[in-house]
Amino acid sequence: MKNFISNLGYFFKEAGRIIFSNKLSNIFTFSGTVLILLMLASVVAGWNVSSRLVGMLEEEAEISAFFDEDLDQKEALELAEKLSKLDGVRNARVVDESEAYERMKEILADDAGILELFEHNPFKAYIEIRIDPGRTESIIETVRGFKEIGYVRDNKSVLKSINDIIRGIKTIGTLIIFAVGITTVIIISHMIRQGIYNNRDQIKTLRLLGASPMFIGFPFICVGLFMTVAAGILTSLVMLILINKGYQIMGGSIPFIPLPPKADLLLGVTLVIMGVSIILGTIGSLFGLSSIKDQ
Amino acid sequence: MIEVKEVSLRYRDGTLALNNINLTVGDNELVYITGPSGSGKTSLLKLIIGMEYPTSGTVKVMGQEISEEKSDELRSLRKKIGPVFQELKLVPGRSAMENVMMGIRFLDFSGQEIRRNAADALEKVGLSHKADSMVENLSWGEAQRVSIARAIARKPRLILADEPTGNLDHDNAVNILNILASFKQKDTSVIIATHATHLIENQKNVTIVRMNQGSISVEKRGGKE
Ligand SMILES: Nc1ncnc2c1ncn2[C@@H]1O[C@H](COP(=O)(O)OP(=O)(O)OP(=O)(O)O)[C@@H](O)[C@H]1O
Ligand SMILES: [Mg+2]
């Protein structure tokens, strides 16, 4: 359409007319979209915070492999090197007797005095293997298969619950994102259908005059986009206030969970919400537009 | 320009509106369709612009057969037609000017041409002073002239006017018919359905199509206009 630009004013005017010709219904659509986007924004913020937690938990997933005592230090290092190359292993390093001793001292803290009772260091060297918690079983199996490895100490129950938490967070997040997407698309496309129905006479006339579906439909796409983008902006503003309040109350950290820098979180949430608004607005409008053919 | 061959049109409720009619319209022709109310004038025009499809027979307009499947072809055909509907089909809530412009925004005109064509067309039908009035506030005769302006602003190759003078006083009716007739040119034809037979009695060099209960008889009048 060579005169698309010169028609922009017309398209926007028509879009405004469509919105205001059905004010009440569109106010509901708008508020509904804001509420849904707020839900999404909370998930995004929650995801952002919990992905740090997940990262932390994943880091913590480890098993200890005890090796034959007659391996010398060089051979032990070589073994660790080999283990670290396995699939699903983040890294593997040798913890020698004295480090093991120091660690236990740390863990026992005030009760460390008890270690004095031993004449010799009672701890053995081992290889500490950090792993992907999703693959605990198979990694343990493989590590056990090495002939130099005598005994593998795993924290299967701990690893399993770490894995469950991670999976749970991911599943709920994904579900909510899907729910938000589908609901928004339905709300917007319904609004567009309503607008098309209300303007059916005009649409029929334009078709008789030879206007393309693009020309007829563009104002409706503008309506869908305008509604979702406006809802996105309002949602972002509300989140700005909520996140600011949240950081004030928690003073920047929840026990055990490091909060991301506030600016990062705000930027992340705003970007996601605005991006999602634009995408969902477009998809919803296009879905709604398909009903033009029926008019 | 138009070839109607053995066309019948039966509406869904069983009414036979057109009964096996034949009609050919050339490239430089002025056609008046007359006949009593209910004789099928509007039905014939609807076939030509693709609002209805023939129950049997074929309708070809500018070489394009009118059929339900060819929606893209139908759309580009409609762009070349300037229709004046019996029930006007103006868009309420918009000014006369905006109505005329809306009908030509998607044609091959620049932004400037859109505005100029619309203003010229309104001036031609004598409505420049009402350009900014909302169409629902216009009298029927004025509204009718807006719809005529919308048709001629399109610079169409075929004007289809259904009862364009129905609500105009004698002078205005003559004036409007003259304006529409003036669009008959080398490659442009004009088809006007009208009850105003007294206004066309003495016209020369026109085609008169008389309709009666879905049948037609065609009279091609020659002579100097
Ligand atoms: N959509 C429709 N469904 C059923 N019957 C219809 C429909 N449109 C028109 N008719 C019938 O078809 C016949 C021809 O109607 P048409 O509108 O073509 O007449 P006309 O010559 O234009 O009349 P008028 O001079 O009153 O405008 C009439 O009997 C009418 O009742
Ligand atoms: Mg009629």
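Residues numbered from 1 in each chain as written. Chains lettered and ligands numbered in written order. Predicted model: local features only at pLDDT ≥ 70, side-chain atom pairs only at ≥ 80, totals over all residues. Heavy atoms only, no water.

Draft legend 1. Quick peek at the coordination of the magnesium ion (ligand 2). Residues and elements named next belong to chain B. The magnesium ion (ligand 2) binds to the protein through T42 (OG1) and Q86 (OE1), with metal-donor distances spanning 1.8 to 2.2 Å. Linking T42 in helix α1 (residues 41-49) with Q86 in the loop between β6 (81-84) and α3 (96-102), this pair joins segments that are 44 residues apart in sequence. For T42, a relative accessible area of 25% gives the class partly exposed. (Donors = N, O, S within 2.8 Å, 3.2 Å for Na, K, Ca; no water. Helix = DSSP H or I, 4+ residues; strand = E, 2+ residues; numbered from the N terminus. Buried < 20%, exposed > 50% of the residue type's maximum accessible area, 1.4 Å probe, protein only.)

Draft legend 2. Layout of the site of ligand 1. All names here are of chain B. S37, K41, T42, S43 and Q86 are the nearest of the 14 residues found near ligand 1. In this structure, S37 approaches ligand 1 through a side-chain N or O atom, which is 2.6 Å from an oxygen atom. Between an oxygen atom of ligand 1 and a main-chain N or O atom of S39, the distance comes to 3.3 Å. Relative to its free-state accessible area of 640 Å², ligand 1 is covered by the protein chains to the extent of 67%. If you tally residues by element for the shell around ligand 1, the top one is α1, at 3 residues. Taken together, the residues of the shell around ligand 1 break down into 3 nonpolar, 9 polar and 2 charged. (Near = heavy atom within 4 Å. Polar contact = N/O pair within 3.5 Å; in protein donor to acceptor, adjacent residues only side chain to side chain. Areas by Shrake-Rupley, 256 points an atom, 1.4 Å probe, with all protein chains shown as cover. Nonpolar A, V, L, I, M, F, W, Y, C, P; charged D, E, K, R; others polar.)

Draft legend 3. Here's a closer look at the environment of V269(A). All names here are of chain A. Locating V269 in the fold gives a position in helix α9 (residues 262-289). Among the residues examined, V269 registers a relative accessible area of 1% and is labelled buried. Between the C-alpha atom of V269 and that of G46, which follows or precedes it by 223 residues, the distance is 9.9 Å. Ignoring any residue separated from it by four or fewer positions in sequence, one finds V269 in contact with A41, V44, A45, M239 and I243. (Contact = heavy atoms within 4.5 Å.)

Draft legend 4. The arrangement of the pattern of salt bridges in detail. Residue and element names in this part refer to chain A. Using the criterion set out here, one finds 21 salt bridges over all chains in the structure. The salt bridge partner of E62 is R130, with a shortest N-O separation of 3.5 Å. With a gap of 68 residues between them, E62 in strand β1 (residues 62-67) and R130 in strand β3 (residues 126-131) connect regions that are remote in the sequence. For R130, a relative accessible area of 23% translates into the label partly exposed. As a salt-bridge pair, K85 and E81 come within 3.1 Å of each other at their nearest N and O atoms. The exposure class of K85 is exposed, given its relative accessible area of 63%. (Salt bridge = Lys/Arg side-chain N within 4 Å of Asp/Glu carboxyl O.)

Draft legend 5. Broad picture of the packing of helix α7 (residues 200-208) of chain A against helix α8 (residues 213-250) of chain A. Residues and elements named next belong to chain A. For the pair α7 and α8, interaxial distance at closest approach is 10 Å and the crossing angle is 150°. When the axes of α7 and α8 are compared, the pair comes out roughly antiparallel. In this structure, α7 contributes I203, L206 and R207 to the contact, and α8 contributes F215, I216 and F220. For the contact of α7 with α8, a count of residues per class yields 5 nonpolar, no polar and 1 charged. (Axes fitted to C-alpha atoms, helices over the stretch in contact; angles between N-to-C directions. Parallel < 35°, antiparallel > 145°, perpendicular 65-115°, else oblique.)

Draft legend 6. The sheet that holds strand β10 (residues 215-220) of chain B, seen in detail. All names here are of chain B. The strand order across the open sheet built from 6 strands is β6-β7-β8-β3-β9-β10, with neighbouring strands paired in mixed fashion. Since the sheet does not close on itself, it has two edges, and those belong to β6 and β10, each with one partner. Averaged over neighbouring strand pairs, the angle between their axes works out to 15° when direction is ignored. Pairing of strand β3 (residues 30-34) with strand β9 (residues 207-212), which is carried by 4 bridges, proceeds in the parallel orientation. Residue pairing across strands places V31 opposite T207, the latter belonging to β9. Sitting on the sheet, α1 is in contact with β3, β6, β7 (158-162), β8 (189-193) and β9, with an inclination near 150° to β7. Across the sheet, helix α6 (residues 170-181) lies against β3, β7 and β8, angled at about 150° from β8, the strand it touches most. (Pairing = 2+ DSSP bridges.)

Draft legend 7. Spotlight on the domain arrangement of chain A. Domain boundaries assigned for chain A yield domain 1 (2-57 + 162-294) and domain 2 (62-131). Here domain 1 of chain A and domain 2 of chain A have C-alpha centroids that lie 52 Å from each other. (Domains from an automatic or database assignment.)

Draft legend 8. View of the side chain of D162(B). Residue and element names in this part refer to chain B. Residue placement: D162 occurs in strand β7. Buried and without a salt bridge, D162 has K41 as its closest oppositely charged side chain, separated by 6.7 Å. Within the structure, the side chain of D162 is placed 2.7 Å from the side chain of T42, a separation counted as a polar contact. When sequence neighbours within four positions are dropped, the list of residues in contact with D162 reads T42, L45, V84, F85, Q86 and A193. (Lys, Arg positive; Asp, Glu negative; His and termini not counted.)

Draft legend 9. Broad picture of the side chain of R154(B). Mapped onto the secondary structure, R154(B) falls in the loop between α5 (140-153) and β7. At 12 Å, D108(B) is the nearest oppositely charged side chain to R154(B), a buried residue that forms no salt bridge. Only 2.8 Å separates the side chain of R154(B) from the backbone oxygen of R78(B), close enough to count as a polar contact. Within the structure, R154(B) has its side chain in polar contact with the backbone oxygen of I81(B) (distance 2.9 Å). With near-sequence residues (within four places) excluded, R154(B) lies in contact with L209(A), R78(B), K79(B), I81(B), G82(B), P83(B), G103(B), I104(B), F106(B), L107(B) and F109(B).

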